[in-house]
Amino acid sequence: MVDGRGQVRPHWRGLLGAFSSLGYAAVAERGRRLDRAFEEEGVATVLADSASRTRRPWRCDPVPMILSAAEFASLESGLAQRARLMAAMLEDLYGPQRLLSEGALPATLVFGNPHFLRPCRAPATVPFPRLAFYGADLLRGPDGAWRVLADRTGGANGVGFAAENRNLLARVLPEAFRAVQVRSLRPFFDGWIDALQALAPPGVDNPRLALLTPGAKQETWLEHLFLSRQLGLELVETGDLTVRDGEVFLKTLRGLKRVDVILRRIKGELSDPLEFDAGTGVPGLMRVLRDGAVRLVNAPGSMLAEMPGAAPYLPACARLLLDEDLALAGLETLWMGDPAARDVVQAAPEAWRLRSAFEQGQEPPLGALEAFSERGTAAPWMFAATRPMPPSAAPQLAGEALEPAPVVLRMFLMRDAAGQWHAMPGGMAHVLEGSGAIAGPPARRGSAKDVWVMAEDTQDIVGPAAPRAAVLTIQRASGDLPSRVADDLYWLGRYVERLDGAARLMRALLSRLLRGAAMPREVAEIRTLARCLHAAGLIDAEAAASPADGAALPRALRAAAGPGGALLGLLEAVERPQVAVRDRLTHDMWAAFAHLIHEGRARLLAGVGGLDALAPAATAIIRFCTALSGIAAENMVRGGAWMFFDLGRRIERATATARNLAHALDQPPLRLEAGLRLALELCDSALTYRARYLAAVQAAPVLDLVLADPGNPRALGFQLAAVKERLAEIAGAEDLLAATAASLAARPQALVDAVLVATDRDVATAALPADLHALEAETAALSDAVARRYVSHVRTHSLGEDESGAPE
Amino acid sequence: MTRYTLWHRTAYRYGRSVDLASHLLHLSPRKLPGQVVRAAEIEVLPEGGHRKDGQDHFGNGVTWLFIGTTHDAFEVTLKATVEVDFAPPPPAGDTLPWEQVRDAARSPEGWDAAEFTLPSHHAPAERAAGLYAAESFPPGRPIMAGVRELCARIRRDFAFKAGVTSISTPVSRVLELRAGVCQDFAHLMIAGLRALGLPARYCSGYVRTRPPPGQARRQGADQSHAWVGCWLGPRHGWVDLDPTNDLVVSDEHLLLGWGRDFSDVSPVTGILLGGGRQKLTVGVDLIAE
């Protein structure tokens, strides 16, 4: 920020001016707003729930890191050269291996490298680019010069987060963007989409692009989600893809759809279990890649080029492959497989830091020290030594003031159709925790920073983008929904509904228990509700059968809400598919879900202490579920995603309604009226009934309202009619499942008709529980059939290894 | 020169239908100066799948198979006619002291042998294997004398016994058992040589079914066989030795291909959707004409 004479560097003046006129208290407030914006995006929750639970919420410093136009231009050209070198190295090492035969690179660095994937060297029928996306971590040394801290040819994560940082920062701090001429990121992403489309096999007009992610359980998931949104790519997992007849397909509800270009964000060795023995992936993917019918960015095996051990040999590689000298230096690094280099390091060990020769990172790997004593399994050639360097500082917001903090910068480059490399005019900076010299990308990083590149006058003018693809035809259906996503949405719908139903039963029972000194009628209701709760799996049989005024029932209710309890378990069951289908939910739905889970859990845990706190918790959950239904109804396009979500809800509600009504109506004749009242309450229909029939409670009108009335969204018939419609939309009215659903949907009206024509309506009503249980079982069977047809989680396994759990 | 007719069938029966299968076969006899492939074909049942032929990183012939039709059985048969006549090894006295071979493998001139000095999945850096091999390599001993003796010692010290080991048995366990099959002896010898810094590779193929007249039947006939390629330095290159039978490979073996260990050249592998329990039968005939 400040030059050698204590003067503010010119490209910082605009931003500092904007901050001053805003006031630093206001800037700090914007910083808090930025935190909240990330929280709403679910960044905090997801990171906290990922595999390493120690991760902290994502923080982005409101103070960006600023690069002048000249600084960026020189970095871009230096990194573009490095990207060309890495690409040429990969072509060579997975091809003729001149670098090895001519002695530019020691063979052990390649053959001993776990990221040298031998199947990637099998000759291709149609050559393919191995590197089309590249990232680099950089630091600015005390001398002011930028140096490469790490090349990133394997993953280069962070480009999605960089875009998200920019979006949110622009939202909370628009004044700063008005004060500074910042280059937009959009042209980079547009160019990248063009480049990806241009990779499609010849003759494909409107190529299908997909981003291949390891899935929602991985901590990179949000990065992939943000990136897929930025580029407009389908987000797929390996289980969504299949190879047939030499092509790669996406498994969708409407059959197989060919995929032409894959932005690969999974490890190369996890991409094809036929050729890499990792056990997961898309069998046959590598063969399709070699035959030219699909393109992967980057191709598997690309991570080889980023090995730290190659650093001392890069200048020789550049001369051999490019006939150029490297413009951008890295940190001084030696490979320990070279005896002379080993002597240098052993002569002054305090000046060097040992690292893996194959993996990025600065931590000395396990076994590094014994590698030099000829003991253990580690060998010196597995290590590199780097001379650490302190990174220079950039201003960050601390309280209500700026203070300098050491930063590492990550930049991203993509290769266009003509083979030119372009750097994103921006990137991601990381504030380092702790100060001091570093030798590689540190494992612990503090907050992120957006990176701003100053525009030059000439760069402001962005010409119209070239037409990218054939004009799109209008599409209304969303049949391309991957089968796995349909499955997740279906279960999301079911779990939300199950949670809602459980909370309603709970509240009905709690209100009676809290009233105390129960009348005989209320005792009967309590017993019925307890049976319903037991049937729904919320309390055990013993508690359900215990006296209505005893202590066992309240205890069972508190346990259900507590840790390990069934109700809290349902809340967690909602969370799993909800995270997995995050890319299918609108922002508001996502926020509503996040709120439901967060608040619901907090309230339930607070309610464990006593019944009077549990009742409001149940009410809160019911309200959240209702709000969610409203958002789904008003915001989800009536496509595949909504259909499966709604199908899940309706099937769940139909099953639960049939079951609850069966219990409510299963009363001795004297108590039938109480049972009917309870039926109205459980179907949230008491108000409607009173409006229609005033106080008189009779079997036929009650049954019509809770079973058959097509206008009552809580009636059993309404659910089954919706199931029928959804299945007809998904599979066609002629379909066997849709036909089964249609026959089920006619049943509630038939049950009511049977009561209406009966000579003794009360006797006919008493026969209903058996019919309702039968209907419940048939609906459950339909649900199983739906799951069998649309579930895609069929696991593959190796030849010579029996299918696990297979019958004899 | 000996002319062989080879027949090798691998047959799987599945307890449940397989809906989709992809296979990778290392089943093509490798063309070499000492091995002329007159004919070789791979027959597959069920027919009609998607098939591709190519090479792997080591230059071995590879076949990819993709079967999209539902099937209850899978059968691969290799039929080949091959003439074998590998050059005799150099006299031990003509070969370099083993330390010089080790150093050559670390230098740029030995770059393509370097790969076979490094530990691999089935031949990991195993101290005990190194100690066992080191007895045959006193300082200054010519490499050929060392590998010849190591090969003989393995034949003498280890019993050929089917069923006591499997492909997942580590070299350290084989050393304890003092027993195993051709694969185990090959991996043991490879691990021992690599522990000394010497390049060694795994050779996959067959040994003749009936021995030459007047000789004992070879161990490992009637099935896939394995032996070891040893590097003698830049001048003499690679020589193959069979520790199971204590033989220098000349005209009794037929080579499919080589790799770092078994996992690089497993003859038939695959990924299945379905299949249940699998039943495998293998038959091999290598008949001299």
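Note that the structure is predicted; figures quoted are calculated from it, not measured. (Residues numbered from 1 in each chain as written. Chains lettered and ligands numbered in written order. Predicted model: local features only at pLDDT ≥ 70, side-chain atom pairs only at ≥ 80, totals over all residues.)

1. Concerning the overall build of chain B
Tallying secondary structure elements over chain B gives seven helices and 14 strands in all. Over its C-alpha trace chain B gives a radius of gyration of 19 Å, about what one expects of a compact globule, namely 19 Å for 289 residues. Put simply, chain B has 289 residues, and 48% of those count as buried. For chain B, the proportion of contacts with a sequence separation of at least 24, taken over those separated by at least 6, is 76%. (Helix = DSSP H or I, 4+ residues; strand = E, 2+ residues; numbered from the N terminus. Rg over C-alpha atoms; globule rule 2.2 N^0.38 Å. Buried ≥ 20, exposed ≤ 12 C-beta atoms within 10 Å, placed from the backbone. Contact = placed C-beta atoms within 7 Å.)

2. Quick word on unusual backbone geometry
With an omega dihedral of -10°, the bond running from Val297 of chain A to Asn298 of chain A counts as a cis peptide bond. With respect to the element layout, Asn298 of chain A can be found in the loop between strand E10 (295–297) and helix H12 (314–321). In this chain, Leu45 of chain B is followed by Pro46 of chain B through a cis amide linkage whose omega measures 0°. Note on placement: Pro46 of chain B falls in the loop between strand E2 (35–45) and strand E3 (50–55). At Arg178 of chain B, a position not held by glycine, the phi torsion is positive, near 55°. Turning to its location among the elements, Arg178 of chain B is positioned in the loop between helix H5 (171–177) and strand E7 (179–180). Of the residues examined, Arg178 of chain B has 11 C-beta atoms within 10 Å and is grouped as exposed. Despite not being glycine, Asp246 of chain B shows a phi value in the positive range, around 50°.

3. Concerning the sheet that holds strand E4 (residues 209–212) of chain A
Residue and element names in this part refer to chain A. Across the sheet, four strands lie side by side as E5-E4-E9-E10; this open sheet has parallel pairing. Of all strands in the sheet, those with a lone pairing partner are strand E5 (234–236) and E10, marking the two edges. With strand direction ignored, the average angle separating the axes of adjacent strands in the sheet is 30°. (Pairing = 2+ DSSP bridges. Axes fitted to C-alpha atoms, helices over the stretch in contact; angles between N-to-C directions.)

4. Brief notes about helix H6 (residues 182–195) of chain B
For H6 of chain B, spanning 14 residues, the distance from its first C-alpha to its last is 20 Å, which sits close to the expected 20 Å at 1.5 Å a residue. Downstream of H6 of chain B by a residue or two, Gly197 of chain B has a phi angle that is positive, lying close to 90°. (Expected span 1.5 Å × (residues − 1).)

5. Concerning the pairing of strand E2 (residues 133–140) of chain A
Residue and element names in this part refer to chain A. Of all eight residues in E2, seven are buried, a share of seventy percent or more. Pairing between E2 and strand E3 (residues 146–152): six bridges, direction antiparallel. Residue pairing in the sheet places Leu138 in a bridge with Val148 of E3. Adjacent in sequence and paired antiparallel, E2 and E3 are bridged by five residues, among which Gly144 carries a positive phi angle near 85°.

6. Observations regarding the packing of helix H15 (residues 520–535) of chain A against helix H21 (residues 640–665) of chain A
All names here are of chain A. Interaxial distance between H15 and H21 falls to 9 Å at its minimum, and their mutual angle equals 150°. Regarding the angle of H15 to H21, the classification is roughly antiparallel. Viewed along their axes, H15 and H21 form a crossing whose handedness is right-handed. Each of Thr528, Arg531, Cys532 and Ala535 in H15 lies in contact with H21, whose residues at this interface are Arg659, Asn660, His663 and Ala664. (Parallel < 35°, antiparallel > 145°, perpendicular 65-115°, else oblique. Left-handed = near helix turned anticlockwise from the far one by under 90°.)

7. Comments concerning the interface of chain B and chain A
Accessible area lost upon the coming together of the parts serves often as the stated size of an interface. Residue-level contacts link 34 residues of chain B with 34 residues of chain A. Breaking the side of chain B that touches chain A down by element, the ones donating at least two residues are strand E1 (2–28), E3, strand E4 (61–67), helix H2 (111–114) and strand E13 (268–274) of chain B. With seven residues, the top contributor of residues to the side of chain B that touches chain A is E13 of chain B. Taken together, the residues of the side of chain B that touches chain A sort by class into 14 nonpolar, 15 polar and five charged. The pairing of strand E19 (residues 796–798) of chain A with E13 of chain B spans three bridges and is antiparallel. For Thr796 of chain A, the partnering residue across the bridge sits in E13 of chain B and is Leu273 of chain B. (Nonpolar A, V, L, I, M, F, W, Y, C, P; charged D, E, K, R; others polar.)

8. Details of the sheet that holds strand E7 (residues 247–252) of chain A
All names here are of chain A. Strands sit in the order E6-E7-E8 across an open sheet of three strands; the sheet is antiparallel. Edge positions in the open sheet fall to strand E6 (241–244) and strand E8 (255–258), since each of these has one partner strand only. The sheet shows a mean angle of 45° between the axes of neighbouring strands, direction not considered. In this sheet, E8 lies alongside E7 in antiparallel orientation, the contact comprising four bridges. Across the sheet, Thr252 pairs through a bridge with Gly255, a residue of E8.

9. Concerning the pairing of E4 of chain B
All names here are of chain B. Counting buried positions over the seven residues of E4 gives six, a clear majority of the element. Looking at chain direction, E1 and E4 are connected through six bridges and run antiparallel. Residue pairing in the sheet places Ser28 in a bridge with Gly61 of E4. In this structure, E3 lies alongside E4, joined through six bridges in antiparallel fashion. Considered in E4, the bridge of Gly54 is made with Val62. Count of turn residues in the E3/E4 antiparallel hairpin: five residues, of which Gly59 carries a positive phi of about 90°.

10. Remarks on the nonpolar core
In terms of nonpolar packing, the biggest core is built from 328 residues, with Met411, Leu499, Ala679 and Val706 of chain A together with Met189 and Val228 of chain B touching the most fellow members. Looking at which element gives the most residues to this core, the answer is helix H14 (residues 483–515) of chain A, with 17 residues. Once residues lying within four places of it in the same chain are set aside, the contact partners of Val228 of chain B are Ala186, Met189, Ile190, Ala200, Tyr202, Cys203, Asp240, Leu241 and Pro243 of chain B. (Core = buried A, V, L, I, M, F, W, Y, C linked by C-beta atoms within 7 Å.)

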